[in-house]
Amino acid sequence: MRHVKEELPYNNDSVMDFNSAVEELHKLGSQELNKLLKDSDNLTIQLSTSKGSMPQIDMEKLAWSLPLHLLAVLVSPGGNITKLKYLLKGIRLLHSMCDLASRYARLEQILLEDVKFSEQMLDLVFYMLVVLASCEQESCIGSAVPVVHSALVACSLYLLTGYISSQWQDLVHVLLLHPKVDIFMDVSFDAVRVAVKFFQIKLSALNTAVSFNKSSLPTAESTVHNFCLQLEASLQFLQSLFQQKLFRERFLKHKELCRNGNLLLMAKAILKLNIPSNFKESFSIAAAVSRMKSKILSILLLLCETESISYLDEVASSSRSMSLAKSVGFEVLELLKAAFGAKPRQSDNALDNTNPRGLVLLNSMRLADIFSDDSNFRSFIVANITQILADILSLPHEDFLSGWCSSDFPVMEEDATLEYDPVIAAGLVLNLNHEKDMNAARPFILHNMRLVSLAQQRTAFLVKIIANLHCFVPSICEEQEKDRFINKIVECLQIGTSKSSSRVSLSYDEQKALTFSQNLCSLLDHAVSLIPTFLNEEDLQLLSVFFEKLQGLLPSLYEDDRKEESNIKGVEDIQDTKFEVSCHDAEGWAKFPNLDLGDRPQGAEITTSQLKNWLNNRKAKLARAAREARAPSEGENAFPDKGTGPCLGHLYDSPESPGEDYYVPTTTARNSNPSTSKFDGGHGDFVDFSAQHDMQNNIPSINLVRCEPGQYVALTDRNDEEIGRGKVCQVEGRWQGKDLEEDEICVVDVVELKVERWTRVPHPSEHAGMTFDEAEAKNGVMRVLWDTHRIMPLSQ
């Protein structure tokens with residue numbers, strides 16, 4: 001390599017070029033440099049090398065000149081591995097000196113307080129990314145360039161948190177004041193994208209090498225781990241910037257940045273990462289790739305959910321970026337298809353603190369929800385997601401109930417923040433670290449998510465996606481979009497066509513269609529429990545309309561039933577229908593114990609007319625009950641006593657605490673104009689699902705039981721099932737900011753619990769605890785608030 005020769009002053013008036021100083025000093029960490037400085041005067045150090053002692057180095061003058069020296073090397077001709085390694089050594093030295101700065105006033109004044117030095121550091125980082133974004137791939141295959149390149153991207157980015165500000169909001173403020181911040185955004189995406197492509201190339205090459213020599217697997221895995229560390233750190237840096245509202249808005253306001261597609265190209269490269277056969281059994285590598293996908297999905301979600309400017313509208317305004325967005329959407333759907341089609345491994349069922357996988361499934365479903373609700377991408381999503389939804393809803397009924405209508409979900413997703421140390425990370429690439437440093441190079445800060453919350457959120461997103469795709473608003477949607485989704489679903493249930501003399505009729509997989517209908521009905525029933533925390537009533541009504549309309553589009557399944565129905569004047573005249581939710585036997589009935597269907601024969605066949613009749617009767621009863629509850633006679637108070645009347649409290653309705661980071665889906669309507677309803681297209685009558693919620697949860701209108709302190713009681717959930725027993729300790733006054741009498745609650749010490757200790761308590765709070773386990777830890781006993789109408793006194 002042709003080094004840039006620059007003179008570095010020394011106290012003894014001798015001179016030496018920067019190259020030798022960087023080559024020797026980069027090997028020392030901040031602790032070793034600190035030890036040398038403590039033993040010296042005037043910030044000078046003396047080094048002994050294999051070639052003898054070096055002259056004393058003035059660290060103050062080195063600090064002043066190092067960024068400009070590295071810039072000079074960066075613009076010098078050539079781009080081989082020697083040059084890239086030298087730049088990495090210089091940047092590692094800068095990180096070590098940054099760690100030292102706060103211990104020496106003069107270094108702190110230069111490195112952290114001098115404005116001119118900060119400007120030089122910004123120039124170094126910006127130009128470094130420009131060069132790294134334009135690296136040629138062909139010259140890097142089979143060499144050490146890919147790993148060094150990825151380390152340079154990450155270590156360069158983290159110079160900003162070291163030298164500019166460790167607080168993200170302050171760093172964003174400085175970046176936005178820089179005249180080249182838009183270039184910084186653009187080249188950051190390109191530099192990371194090139195690093196990701198290098199990773200995939202290197203991964204394939206290592207996989208081939210291991211296939212020929214199995215003994216090389218440990219060394220190859222170490223290289224892959226190192227690569228993953230650098231890539232994830234770079235991606236996490238960008239994610240942290242986009243978590244700042246000002247940074248997101250600056251990006252969105254720059255229309256060219258949105259439309260040129262560099263961010264989408266980076267996202268596509270990350271989402272297309274796949275693990276070759278020889279590395280599939282490495283849980284840590286699989287988890288690292290999963291976390292990277294989770295982080296890029298998070299960045300896209302942050303942009304799509306920004307309310308001030310529509311990112312998807314900007315993307316759709318350019319044919320190139322629109323095409324890229326669809327390719328990214330396709331990769332998201334591939335993630336969903338793989339997740340729903342794969343059986344969880346044993347390692348997925350238990351929490352693994354060393355290999356958190358990120359929120360890939362949840363973030364994918366969130367993004368699919370957003371795409372399905374956007375008019376620009378509706379047709380694309382219908383064409384590509386319908387088969388996935390059909391496969392989910394065609395699962396064997398028991399599997400569907402356990403996977404989508406239950407809070408007992410076996411697979412855990414856990415997000416994590418990587419604690420990245422650039423000195424250790426660069427040392428791994430430069431082969432400077434000991435084994436203990438390698439083990440400490442990938443520590444994580446874990447962000448736990450309750451299994452219950454994950455199960456509820458994924459089911460809520462399933463409902464939302466179906467609701468979005470079935471929704472038709474004439475003022476927004478094109479006419480050809482009407483019923484496209486439901487017709488596509490019907491196509492998925494077809495297995496061929498049969499020709500007769502008069503017409504061509506469709507043929508269906510009857511068992512699949514019956515299972516589909518049964519599962520959809522169960523989903524509708526379960527979705528009621530997700531209101532209002534995870535779903536809104538509009539989503540549920542769209543799902544109900546979709547269900548009813550679908551039954552009428554599968555006529556060939558029920559030829560005999562249609563003939564029977566034609567002999568009946570109208571379903572509104574049938575008041576005493578005996579119906580059985582696509583279940584053919586007593587076992588099927590047992591799955592839906594809360595449905596009041598009257599006398600039913602233990603093997604009776606179900607007919608379409610019976611299904612429609614029961615649904616219509618049920619809706620009429622619910623609507624009538626709702627009207628009666630809402631419209632008391634004149635002069636009459638519907639609730640004369642606080643102790644009587646319907647009680648609408650739900651065990652999990654309390655809002656999340658401000659300290660929890662994980663996502664809870666919005667329950668507000670998607671139309672910005674509150675006067676515009678998704679039912680403008682005339683899908684059917686409005687069903688009062690709040691009344692249905694009360695009836696299905698068997699909420700009685702009874703006088704509340706008066707409990708006294710010291711009394712032993714049974715504690716029930718919203719389904720009136722006993723989940724524990726306890727002792728009442730307070731029924732009047734205030735506790736943890738709550739007025740017990742006014743809120744109709746009391747304080748109970750739980751002495752016996754029949755659910756998991758991590759289950760959320762009915763009235764969670766930061767001070768008293770969010771779960772039963774936290775309540776015990778914070779109060780010394782499992783002391784919680786409980787609704788008085790959910791308490792049953794026990795004999796002493």
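For the structure, check the block above.
The residue numbers shown here count from 1 along each chain, following its written sequence. In keeping with the predicted nature of the model, local features appear solely for residues at pLDDT of at least 70, side-chain atom pairs appear and are counted solely at 80 or more, and the whole-chain, interface and lining totals rest on all residues. The basis for the side-chain values is all heavy atoms of the structure; hydrogens and waters are excluded.

**Student:** I would appreciate a short explanation of the environment of Ile-745 in the present structure.
**Tutor:** For the purposes of this entry, the term helix denotes a DSSP run of H or I that reaches at least four residues, the term strand denotes a run of E that reaches at least two, and both are numbered from the N terminus. Secondary-structure assignment places Ile-745 in strand β15 (residues 745-753). Throughout this description, buried means an accessible area under 20% of the type-specific maximum (1.4 Å probe, protein chains only), exposed means over 50%, and partly exposed covers the range between. When its relative accessible area of 3% is taken as the criterion, Ile-745 is described as buried. Apart from residues no more than four positions distant in its own chain, Ile-745 is found in contact with Val-731, Lys-738, Asp-739, Leu-740, His-763, Leu-785, Trp-786, Asp-787 and Thr-788. Residues are treated as being in contact if the distance between any of their heavy atoms lies within 4.5 Å.

**Student:** How should I be thinking about the nonpolar core in this particular structure?
**Tutor:** Soluble globular proteins: nonpolar side chains tend toward being buried together. Core analysis: the biggest nonpolar cluster contains 191 residues, and Leu-25, Leu-175, Phe-251 and Tyr-311 have the highest contact counts within it. With 15 residues, the single largest contributor to this core is helix α9 (residues 181-212). Beyond its immediate chain neighbours, meaning those up to four positions away, Phe-251 contacts Met-185, Phe-189, Phe-242, Leu-257, Cys-258, Leu-263, Leu-303 and Tyr-311. In terms of nonpolar packing, the next biggest core, distinct from the first, is built from 16 residues, Cys-707, Val-728, Cys-746 and Val-784 among them. Here, the term nonpolar core denotes a set of buried Ala, Val, Leu, Ile, Met, Phe, Trp, Tyr and Cys residues that are joined through side-chain atoms within 4.5 Å.

**Student:** I keep staring at the packing of helix α25 (residues 510-527) against helix α26 (residues 537-552) and nothing clicks. Help me out?
**Tutor:** The description of two packed helices rests on the angle between their axes and on the distance between the axes. What counts as an axis is a line fitted to C-alpha atoms, over the stretch in contact for a helix, and the angles between N-to-C directions run from 0 to 180 degrees. Direction vectors running N to C along α25 and α26 enclose 160 degrees, while the axes themselves pass 10 Å from each other. Judged by the angle between their axes, α25 and α26 are roughly antiparallel. Judged by the twist between their axes, the crossing of α25 over α26 is left-handed. Each of Phe-516, Ser-517, Leu-520, Cys-521, Leu-523, Leu-524 and Ala-527 in α25 lies in contact with α26, whose residues at this interface are Leu-540, Leu-543, Ser-544, Phe-546, Phe-547, Leu-550 and Gln-551. Relative orientations are named as follows: roughly parallel for angles under 35 degrees, roughly antiparallel for angles over 145 degrees, roughly perpendicular for angles from 65 to 115 degrees, and oblique for any other angle. Crossing handedness: left-handed means the near helix sits turned counterclockwise from the far one by under a right angle, and right-handed means the same turn made clockwise.

**Student:** Can you walk me through a nonpolar patch on the surface in this structure?
**Tutor:** On the surface, a cluster of nonpolar side chains totalling about 340 Å² of accessible area is made up of Val-75, Tyr-127, Val-130 and Ile-183. Here Tyr-127 lies in helix α6 (residues 115-133). Patch construction takes residues with relative accessible area above 30% that form no salt bridge. Like charges are linked within 9 Å, and nonpolar side chains (Val, Leu, Ile, Met, Phe, Trp, Tyr) are linked within 5 Å. Using a 1.4 Å probe, accessible areas were evaluated by the Shrake-Rupley method; residue-level cover was limited to the displayed protein chains. When a carboxyl oxygen of Asp or Glu is within 4 Å of a side-chain nitrogen of Lys or Arg, the pair counts as a salt bridge.

**Student:** Please clarify how the packing of helix α2 (residues 30-38) against helix α4 (residues 81-101) should be interpreted in this entry.
**Tutor:** As a packed pair, α2 and α4 sit with axes 9 Å apart at the nearest point and diverge in direction by 60 degrees. When the axis of α2 is compared with that of α4, the two are oblique. In terms of crossing hand, the pair formed by α2 and α4 is right-handed. Residues Ser-30, Leu-33, Asn-34 and Leu-37 of α2 form the contact with α4, whose own contacting residues are Leu-93, Ser-96, Asp-99 and Leu-100. Residues are grouped as follows: nonpolar covers Ala, Val, Leu, Ile, Met, Phe, Trp, Tyr, Cys and Pro; charged covers Asp, Glu, Lys and Arg; every other residue, Gly included, is treated as polar. In terms of residue class, the contact of α2 with α4 is built from four nonpolar, three polar and one charged.

**Student:** Quick question: what am I supposed to make of unusual backbone geometry here?
**Tutor:** In most cases, non-glycine residues show a negative phi, while peptide bonds are predominantly trans. Looking along the chain, the bond that leaves Ile-531 and enters Pro-532 is cis, with omega of 5 degrees. Along the chain, the position of Pro-532 falls in the loop between α25 and α26. You will see that Leu-43, though not glycine, has its phi angle at about 55 degrees, which is positive. With respect to the element layout, Leu-43 can be found in the loop between α2 and β3 (44-45). A residue is classified by how much of its surface remains accessible, and Leu-43, at 12% relative accessible area, is buried. Its identity is not glycine, yet Asp-483 carries a phi of approximately 65 degrees, on the positive side. As for its position among the elements, Asp-483 is in the loop between α23 (451-470) and α24 (484-492). When its relative accessible area of 22% is taken as the criterion, Asp-483 is described as partly exposed.

**Student:** How do you make sense of the packing of aromatic side chains when you look at a structure like this?
**Tutor:** Aromatic rings from Phe, Tyr and Trp, taking only the six-membered ring of Trp, are treated as a pair when their centres fall within 6.5 Å; an angle between ring planes under 30 degrees marks them as stacked, one over 60 as edge-to-face, and anything in between as tilted. Taken as a whole and judged by the stated rule, the model has 15 aromatic pairs. Each ring, one from Phe-126 and one from Phe-184, has its centre 5.0 Å from the other, and the planes form 20 degrees; the classification is stacked. Highlighted residues: Phe-126 in helix α6 and Phe-184 in helix α9, separated in sequence by 58 residues. Given a relative accessible area of 7%, Phe-126 falls into the buried group. Here a set of aromatic residues connected by ring pairs shows up, and it is made of Phe-189, Phe-242, Phe-247, Phe-251 and Tyr-311. Over the ring of Trp-404 we find Arg-458; its NZ or CZ atom is 3.8 Å from the centre of that ring. The rule is short: NZ of Lys or CZ of Arg within 6 Å of the ring centre and within 35 degrees of the ring normal puts a charge over the ring.

**Student:** Can you walk me through the pairing of strand β18 (residues 783-787) in this structure?
**Tutor:** The side chains of a regular strand alternate between both faces of the sheet. Of all five residues in β18, four are buried, a share of seventy percent or more. Strands are treated as partners if at least two bridges between them are detected by DSSP. The pairing of β15 with β18 spans five bridges and is classified as antiparallel. Each residue of the ladder has a partner; that of Ile-745, found in β18, is Asp-787.

**Student:** What am I meant to see in the pattern of salt bridges here?
**Tutor:** In a structure, side chains of opposite charge can pair up when their charged atoms sit close to one another. The final tally for this structure, using the stated rule, is 20 salt bridges. With a closest N to O distance of 3.8 Å, Glu-24 and Lys-27 form a salt bridge. On the basis of relative accessible area, Glu-24 is assigned to the partly exposed category, the value being 25%. Look at Lys-27 and you get partly exposed, because its relative accessible area is 43%. In this structure, the salt-bridge partner of Asp-749 is Arg-783, at a minimum N-O distance of 2.6 Å. A residue pair is termed long-range when its members are at least 10 positions apart, and Asp-749 in strand β15 and Arg-783 in strand β18 qualify at 34 residues.

**Student:** I would appreciate a short explanation of the side chain of Ser-364 in the present structure.
**Tutor:** Looking at the secondary structure, you find Ser-364 in helix α18 (residues 360-372). Setting aside residues no more than four positions away along its own chain, Ser-364 makes contact with Leu-297, Val-332, Leu-335 and Leu-336.

**Student:** I tried to follow α6 on my own but got confused; where do I start?
**Tutor:** Each α-helix winds once per 3.6 residues, and so residues spaced three or four apart point in a common direction. By this rule the span expected of a helix is its residue count minus one, scaled by 1.5 Å. Over its 19 residues, α6 extends 27 Å from the first C-alpha to the last, a length consistent with the 27 Å expected when each residue adds 1.5 Å. Residues of α6 that are buried: Phe-117, Ser-118, Gln-120, Met-121, Leu-122, Leu-124, Val-125, Phe-126, Met-128, Leu-129, Leu-132 and Ala-133. Tucked into the core, α6 has its buried residues touching α3 (59-75), α4, α5 (105-113), α7 (145-163), α8 (168-177) and α9. Sitting at the head of α6, Asp-114 places a side-chain oxygen 3.0 Å from the backbone nitrogen of Lys-116. Contacts described as polar in this section are N or O atom pairs within 3.5 Å, which, within protein, must combine one atom able to donate a hydrogen with one able to accept it, while residues neighboring in sequence count only if both atoms come from side chains.

**Student:** So what exactly am I meant to see when it comes to the sheet that holds strand β12 (residues 722-730) here?
**Tutor:** One open sheet accounts for five strands, arranged β18-β15-β12-β11-β19; its pairing is antiparallel. Of all strands in the sheet, those with a lone pairing partner are β18 and β19 (791-793), marking the two edges. The sheet shows a mean angle of 45 degrees between the axes of neighbouring strands, direction not considered. In this sheet, β15 lies alongside β12 in antiparallel orientation, the contact comprising six bridges. In the strand pairing of β15, Gln-730 is matched with Val-747. In the packing of helix α31 (residues 772-779) onto the sheet, contacts are made with β15 and β18, and the angle to β18 comes to roughly 130 degrees.

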